[in-house]
Amino acid sequence: EPEVTQTPSHQVTQMGQEVILRCVPISNHLYFYWYRQILGQKVEFLVSFYNNEISEKSEIFDDQFSVERPDGSNFTLKIRSTKLEDSAMYFCASMAGGPYNEQFFGPGTRLTVL
Amino acid sequence: AQSVTQLGSHVSVSEGALVLLRCNYSSSVPPYLFWYVQYPNQGLQLLLKYTSAATLVKGINGFEAEFKKSETSFHLTKPSAHMSDAAEYFCAVSEGTGGFKTIFGAGTRLFVKA
């Protein structure tokens with residue numbers, strides 16, 4: 001069964017460093033997402049991506065964040081200068097299309113900023 | 001904007017007892033509603049979804065949910081709890097426009113006692 005994969009599973013970085021979180025969505029899906037979950041809190045939407053551009057972003061997704069789909073298979077989230085409060089679990093998701101379909105979530109990358 | 005509210009951050013039931021997890025939604029348009037489950041240190045797995053085809057929706061692992069427009073509710077139930085049901089459960093709503101982002105409730109942690 002196709003699945004969304006994410007690497008690495010755990011990333012530890014120093015405050016101020018850049019990190020890139022990688023995701024491989026399901027191959028025939030058209031919509032791509034990043035969500036985050038701070039420990040003990042709910043899952044929060046960060047950004048949606050469709051047709052090679054951002055379709056929507058939350059207020060969390062400021063200039064420090066960017067997304068890219070560089071080669072038609074990978075979908076990346078970059079944080080330019082990490083802060084302590086960026087420590088969270090980051091989930092990638094993909095969807096075939098339209099609101100009726102479910103989003104398939106990856107297992108997540110736990111980001112720890114020291 | 002659409003939102004979901006989950007009543008009760010923690011629910012504890014005995015094995016074999018009825019599971020009832022409450023969710024109320026706020027939406028000015030017909031909503032697309034979901035229940036996801038998250039086991040410890042894992043990603044999000046779809047339990048079931050409501051897409052207006054039927055008000056009673058059956059999902060995996062014996063769970064079901066009933067959409068009640070008059071009560072703006074989408075409560076999750078299971079007739080008989082199993083120890084393996086212990087997890088975090090998230091009610092979610094998908095916006096039917098734009099990037100179809102998913103908005104999650106705060107989650108309800110289900111404990112199952114032997």
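Everything that follows concerns the structure shown earlier in this document.
In this text, all values refer to a predicted model and were calculated from it rather than measured experimentally. (Residues numbered from 1 in each chain as written. Chains lettered and ligands numbered in written order. Predicted model: local features only at pLDDT ≥ 70, side-chain atom pairs only at ≥ 80, totals over all residues. Heavy atoms only, no water.)

S.K.: I'm lost on the interface of chain A and chain B in this one. Help?
M.R.: Many structure descriptions define interface size as the accessible area lost when the parts assemble. At the interface, 21 residues of chain A touch 22 residues of chain B. When chain A packs against chain B, close to 1800 Å² is buried across both sides, 58% of that on carbon and sulfur atoms. On inspection of chain A and its partner chain B, the count reaches one salt bridge. As a salt-bridge pair, Glu56(A) and Lys101(B) come within 2.9 Å of each other at their nearest N and O atoms. (Contact = heavy atoms within 4.5 Å. Buried area = accessible area lost by both parts, 1.4 Å probe. Salt bridge = Lys/Arg side-chain N within 4 Å of Asp/Glu carboxyl O.)

S.K.: Any chance you could explain the state of the cysteines here in plain terms?
M.R.: Residue and element names in this part refer to chain A. Taken as a whole and judged by the stated rule, the model has two disulfides over all chains. Between the sulfur atoms of cysteine 23 and its disulfide partner cysteine 92 the distance amounts to 1.9 Å. Classification of the bridge connecting cysteine 23 and cysteine 92 rests on its S-S torsion, roughly -65°, and on that basis the disulfide is left-handed. Taken together, the positions of cysteine 23 in strand S3 (residues 19-24) and cysteine 92 in strand S9 (residues 88-95) put the pair 69 residues apart, joining distant regions of the chain. Owing to a relative accessible area of 0%, cysteine 23 belongs among the buried residues under this scheme. (Disulfide = S-S within 2.5 Å. Helix = DSSP H or I, 4+ residues; strand = E, 2+ residues; numbered from the N terminus. Buried < 20%, exposed > 50% of the residue type's maximum accessible area, 1.4 Å probe, protein only.)

S.K.: What's the story with the pattern of salt bridges in this structure? I'm lost.
M.R.: All names here are of chain A. One pass over the structure, following the stated rule, counts five salt bridges over all chains. Put simply, glutamate 44 and arginine 36 hold a salt bridge, and the shortest N to O gap is 3.2 Å. You can call glutamate 44 partly exposed: its relative accessible area is 22%. According to the relative accessible area criterion, arginine 36 is buried, its value standing at 10%.

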